[in-house]
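Breakdown of the fold
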Amino acid sequence: VRTSESMNGLRMSWNIWPCSQQDASRIVVPLGCLYTPLKNTEALQLVEYEPVMCKAAGCGAVLNPCCFVDFRLKSWTCPFCLQRNPFPPHYAEHITESNLPAELLPHCSTMEYILPQSVCTPPVFILVLDIALIEEELEQAKDSLQQSLAVMPQNALVGFITFGANCFVHELVSGTMPHSFAFRGTKEYLAKQVSYQLGFGGQGGNPGRQTAIASRRFLMPVAECEFMLNSLLDELSRDSWPSSGFGRRPQRCTGAALSIALGLAEATYPNSSCHVALVVGGPCNVGPGMVVGEELAETIRSHLDLQKDKPNARYSKGAMKYYADLASRAVSNGFSVDLFACSLDQVGLHEMKVLPDKTGGYMVMSDSFSMSVFKDSFRKMFDCDDQGYLNLGFNGKIEVFTSREFKCCGAVGGLSSLGKRSPSVAEQEIGEGGTCHWVVGSMDRNTTIAFYFDVTNQQANTSSDKHAFLQFQTSYLHPSGRKRLRVTTLSHRYADASTDVATGFDQEAAAVIMARYAVFKCENEDPHDVLRWIDRMLIRLVSKFADFRKDEPSSFNLRPELSIFPQFMYHLRRSNFLQTFGTSPDETAYYRTIILRENTMNSLVMIQPALLQYSFDEGPPQPVLLDTCSLKPDVILLMDDFFHVVIWRGEKIQAWYDQGYHEKEDYANFKVLLQAPAADAKQILADRFPAPKFVQTNAGGSQARFVTSKVNPSNSGMGDGQSDGSTVLTDDVSLRVFMEHLIRLAVQS
């Protein structure tokens, strides 16, 4: 499993596949994989020539190590359509059993082709800044934008748009008085209208070389406009549109600003490497996409308001439709839309989440623009590799090829369907289904997509050498200005009479695949129905693969391959991905968007946080159970749930700290103990995107809730837990009670 992930960036829920459709329906957990297209894989073969493709109509699979090669006839057989293809002359001339091209070497199951004669534009970043902020917040936002300019590649094109009650597109030409073009905030703008108003529409605003030259005032290389843009930001002040009066929200035309940014990109650089980055500090209350009225007395919608369709939720459906239309415009051009929202109240991420979900853009949520969650995340978006290129791929397109015995049901992640039908497309749809081809506006090294499959064989094939073949082709625009194609091909064995499917179960990958499926179902179903669906699935799974005697819970024994899967499902049921109590619609939207795009290990940390213990007795930090019994008075705990990194001190440790023992030379070991978790937390904060919130707390402290809400309440004050550790008062059942109920239901007749 680990080897496949390090070589191909891919993990399967089942590594031995059921032979028939009937067998596949019995394994309960979907047959799926988690694929990270741009993962820095080991020994990646990078070549600069065109790939050799299958010539069969409707196929297009690339030559790979799974192909059968006839060295006498100098031909290869495609494992997907079984078409025999002759090698190109320059291959046929040299190929022998001992002299194979890179594509046929077993360790080159992932290849990356730099396609010749394919040159694309440099990356384009359109920064859209909310200026209806209070002065302190605006200064912090401006400071982050200026810092990002300093680290952007010098050839990257940048545009600048501000908005309050109205929207302004700024010219970036230096040496002249600053100009900006004003747009009313009460209407949506198409590319044609934007280009016409900015003065480069020409005959109907058709994009072309003339348009690109004329639009250069608004989109310029960082090297040429950095000084001008920094000057603009220095002089930028809060929106001067007159306030409507006391007790009213400042006016924001967020929806109109996004349509103008997309219109500018569509008119100038269609189908290119474009990011629209929205930096917003409050809800849209003017024009299209508004989510709340101007009166502060009218609160922004909650989950309960949305469920009961209360008056203050009346804007949501219209706003969601509007942002879905904007997402469709971005998808049709391969753009991505990033949302950076910082506010103590909601800003409308619930309605806007369709933009990053469909385009592969980032979503970052924080309380303030002064916090490291925003500042570090915004800066990291422009991090470069050793060659000085951004760690991003733009306008990606992913196509899947399957052998005839199974088909693809769909994909869940930050992507959109391109509606291409092929023999690889299944009738059942999961996520973005009904297609074998998807578009991802932006990808980084961690962007991971879940693909779901369905075995279509009606009869089991008992041949011991029967394999399933799967290929992913990911084309994308590299920041260097070249188009690349990454091809990953692998095969999996079908189960035979002597092999048990369960021996190939990857419970970590399966937990993430199930979590993504559940989160996707929450978009259209009530979360309580999804919880019941998870419960039914789990009961069926353990009753299928556990050993027990009917109606005897004490005889229950779960196979080691599935031993911790119920634990993952227990924590998933309690998580903010499925539980909406105590969270706002914006928070729920944020959590769900992040888990749909992160890699396997990061997603597991979100489902079941990692807990490390630091103490005098045990030397190096030790992983401990995510349980109340770990909350001991004489230890320090470091909890990582991806969104937060929390250092928790027990009562004794905190008392010693308050008495200043760490400042005394005789207690240097205590000082070292305090520094160890801080150093580890600093490393996590430095490496992660989006940057997590750092919390320092102690037992009984106000922010200890970040830990107590995550741990298993084995000692919940109900008389059902251990005596050591802390007591957490909660109505949630403990993992022990959950497992008792699961076992009882699994073994009953």
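So, on to the overall build of the chain. Along the chain, the regular secondary structure elements total 22 helices and 30 strands. A compact globule built from 749 residues should have a C-alpha radius of gyration of about 27 Å, and the chain, at 28 Å, falls within 12% of that. Looking at the chain as shown, the accessible area adds up to about 30,900 Å², and 51% of this sits on carbon and sulfur atoms. Taking the 68 positively charged and 81 negatively charged side chains of the chain as two groups, their mean positions are separated by 5 Å.

Contact pair helix α16 (residues 565-574) / helix α22 (residues 735-747): the axes reach a minimum separation of 11 Å and the direction vectors enclose 115°. The element α16 and its partner α22 pack so that their crossing is right-handed. Contact with α16, carried on its side by Pro566, Gln567, Tyr570 and Arg573, involves Leu735, Phe738, Met739 and Leu742 of α22 and no other residues of that element. Partitioning the contact of α16 with α22 into residue classes produces six nonpolar, one polar and one charged.

Turning next to unusual backbone geometry. For the bond from Phe689 to Pro690, the omega torsion is -10°, close enough to zero to count as cis. Residue Ala43 is not a glycine yet carries a positive backbone phi of 55°. Residue position: Ala43 is located in the loop between β3 (31-35) and β4 (45-47). Notably, Asp551 is not glycine yet its phi reads approximately 65°, a positive angle. You can see Asp551 is positioned in the loop between β24 (546-549) and β25 (552-558).

A separate point is the packing of aromatic side chains. All chains considered together, the criterion is met by 37 aromatic pairs. Here the aromatic rings of Phe340 and Phe374 are separated by 6.1 Å at their centres, their planes lie at 80°, and the arrangement is edge-to-face. Within this pair, whereas Phe340 is found in strand β15 (residues 336-342), its partner Phe374 is found in helix α13 (residues 372-380), the two being separated by 34 residues in sequence. Like Phe374, Phe340 is buried. Between Phe340 and Phe378, the aromatic rings sit 5.0 Å apart at their centres with planes inclined by 75°, giving edge-to-face as the arrangement. Note that Phe340 is positioned in strand β15 and Phe378 in helix α13, a separation of 38 residues in sequence. Taken individually, Phe340 and Phe378 each receive the classification buried, so the pair is uniform in this respect. Pairwise contacts between aromatic rings join Phe125, Phe340, Phe369, Phe374, Phe378 and Phe382 into one cluster.

Take the pattern of salt bridges next. Tallying each qualifying case throughout the model produces 39 salt bridges. Across the pair Glu298 and Arg314 runs a salt bridge, and its minimum N-O distance is 3.5 Å. Taken together, the residues Glu298 in the loop between β14 (274-280) and α9 (303-308) and Arg314 in the loop between α9 and α10 (316-333) connect sequence positions 16 residues apart. Overall, the relative accessible area of 49% leaves Arg314 in the partly exposed class. When the shortest N-O distance is used, the salt bridge between Glu525 and Lys521 registers 3.3 Å. What makes Lys521 buried here is its relative accessible area of 15%.

Taken together, five strands build an open sheet; the order of strands is β27-β26-β28-β29-β30 and the sheet is mixed. Only two strands of the sheet have a single neighbouring strand rather than two, namely β27 (622-623) and β30 (693-698). As paired elements, strand β28 (residues 636-640) and strand β29 (residues 644-649) share five bridges and run antiparallel to each other. Bridging from a neighbouring strand, Ile636 pairs with Arg649 of β29.

Turning our eyes to something else, we now look at the sheet that holds strand β6 (residues 75-77). Across the sheet, three strands lie side by side as β5-β6-β7; this open sheet has antiparallel pairing. Bordering the open sheet on either side are β5 (68-70) and β7 (84-86), each of which pairs with just one other strand. Direction aside, the axes of adjacent strands within the sheet are offset by 25° on average. By the bridge criterion, three bridges tie β5 to β6 in an arrangement that is antiparallel. For Phe68, the partnering residue across the bridge sits in β6 and is Thr77.

So, on to the packing of helix α8 (residues 254-268) against α10. Viewed as axis vectors pointing N to C, α8 and α10 meet at an angle of 15°, and their least axial separation amounts to 11 Å. The angle between the axes of α8 and α10 places the two elements in the roughly parallel class. As for the relative orientation of α8 and α10, their crossing is left-handed in sense. Here Thr254, Gly255, Ala256, Leu258, Ser259, Leu262, Gly263 and Glu266 of α8 come into contact with α10, specifically with Tyr322, Tyr323, Leu326, Arg329, Ala330 and Asn333. Per-class residue counts for the contact of α8 with α10 are seven nonpolar, five polar and two charged.

Our focus in this paragraph is helix α17 (residues 585-595). Burial within α17 is extensive, with ten of its eleven residues counted as buried. Among the residues making up α17, those that are buried are Pro585, Asp586, Thr588, Ala589, Tyr590, Tyr591, Arg592, Thr593, Ile594 and Ile595.

Take the nonpolar core next. Among the nonpolar cores identified, the biggest contains 146 residues, and Ile126, Phe451 and Phe565 are the most heavily contacted of them. Broken down by element, this core gets its largest block of residues, eleven residues, from helix α14 (residues 507-522). Apart from residues lying up to four places away in sequence, Ile126 is in contact with Gly159, Ile161, Leu219, Ala261, Leu264, Ala265, Cys274, His275, Val276 and Ala277. Leu129, Leu133, Leu236 and Val373 belong to the second largest nonpolar core, which has 39 residues in total.

The next point concerns the confidence of the model for the chain. Within the chain, residue pLDDT values average 92, and 96% of them lie at 70 or more. Predicted confidence is poor over residues 203-207, with pLDDT under 50, and the contacts of this stretch with residues over four places away or in other chains come to seven contacts.

Take empty space enclosed by the protein next. The gaps of empty space that remain are located by a probe, the size of a water molecule, rolled over the atoms. As enumerated under the stated definition, the model contains three cavities of 30 Å³ or more in all. What lines the largest cavity is simply Pro356, Asp357, Gly361, Gly413, Gly414, Thr593, Leu596 and Arg597. For the second largest cavity, the calculated volume is near 40 Å³. Around the second largest cavity, the lining residues are Leu63, Asn64, Pro65, Glu103, Cys108, Ser109, Met111, Tyr113, Val487 and Thr489.

Glancing now at the state of the cysteines. For the structure on display, the rule yields zero disulfides. In this structure Cys522 is a free cysteine whose sulfur lies 19 Å from that of Cys409, the closest cysteine sulfur available. By relative accessible area, which is 7% here, Cys522 ends up buried.

Another point: the layout of surface pockets. Taken as a whole, the largest pocket holds about 1,400 Å³ of empty space. If you trace the largest pocket, you find 50 residues lining it, with Asn576, Gly582, Thr583, Glu587 and Tyr591 closest to the centre. Class assignment for the residues of the lining of the largest pocket results in 24 nonpolar, 14 polar and twelve charged. Met320, His350, Cys522, Glu523 and Asn524 are the residues nearest the centre of the second largest pocket, which is lined by 36 residues in total. Among the elements of the structure, α9, α10, α11 (349-352), α12 (354-359), β18 (406-412), α14 and α17 are those that each provide at least two residues to the lining of the second largest pocket. Here the lining of the second largest pocket gets five residues from one element, more than from any other, and that element is α10. In terms of residue class, the lining of the second largest pocket is made up of 14 nonpolar, ten polar and twelve charged.

So, how was this worked out
- Residues numbered from 1 in each chain as written.
- Predicted model: local features only at pLDDT ≥ 70, side-chain atom pairs only at ≥ 80, totals over all residues.
- Heavy atoms only, no water.
- Helix = DSSP H or I, 4+ residues; strand = E, 2+ residues; numbered from the N terminus.
- Rg over C-alpha atoms; globule rule 2.2 N^0.38 Å.
- Areas by Shrake-Rupley, 256 points an atom, 1.4 Å probe, with all protein chains shown as cover.
- Lys, Arg positive; Asp, Glu negative; His and termini not counted.
- Charge placed at Lys NZ, Arg CZ, Asp CG, Glu CD.
- Axes fitted to C-alpha atoms, helices over the stretch in contact; angles between N-to-C directions.
- Left-handed = near helix turned anticlockwise from the far one by under 90°.
- Contact = heavy atoms within 4.5 Å.
- Nonpolar A, V, L, I, M, F, W, Y, C, P; charged D, E, K, R; others polar.
- Phe/Tyr/Trp six-rings, centres within 6.5 Å; stacked < 30°, edge-to-face > 60°.
- Buried < 20%, exposed > 50% of the residue type's maximum accessible area, 1.4 Å probe, protein only.
- Salt bridge = Lys/Arg side-chain N within 4 Å of Asp/Glu carboxyl O.
- Pairing = 2+ DSSP bridges.
- Parallel < 35°, antiparallel > 145°, perpendicular 65-115°, else oblique.
- Core = buried A, V, L, I, M, F, W, Y, C linked by side-chain atoms within 4.5 Å.
- pLDDT = per-residue confidence, 0-100.
- 1 Å grid on protein atoms, 1.4 Å probe; cavity = no way out; pocket = protein on both sides within 12 Å on 5 of 7 lines; lining within 4 Å.
- Points joined across faces, edges and corners; volume = space filled by probe spheres on them.
- Disulfide = S-S within 2.5 Å.

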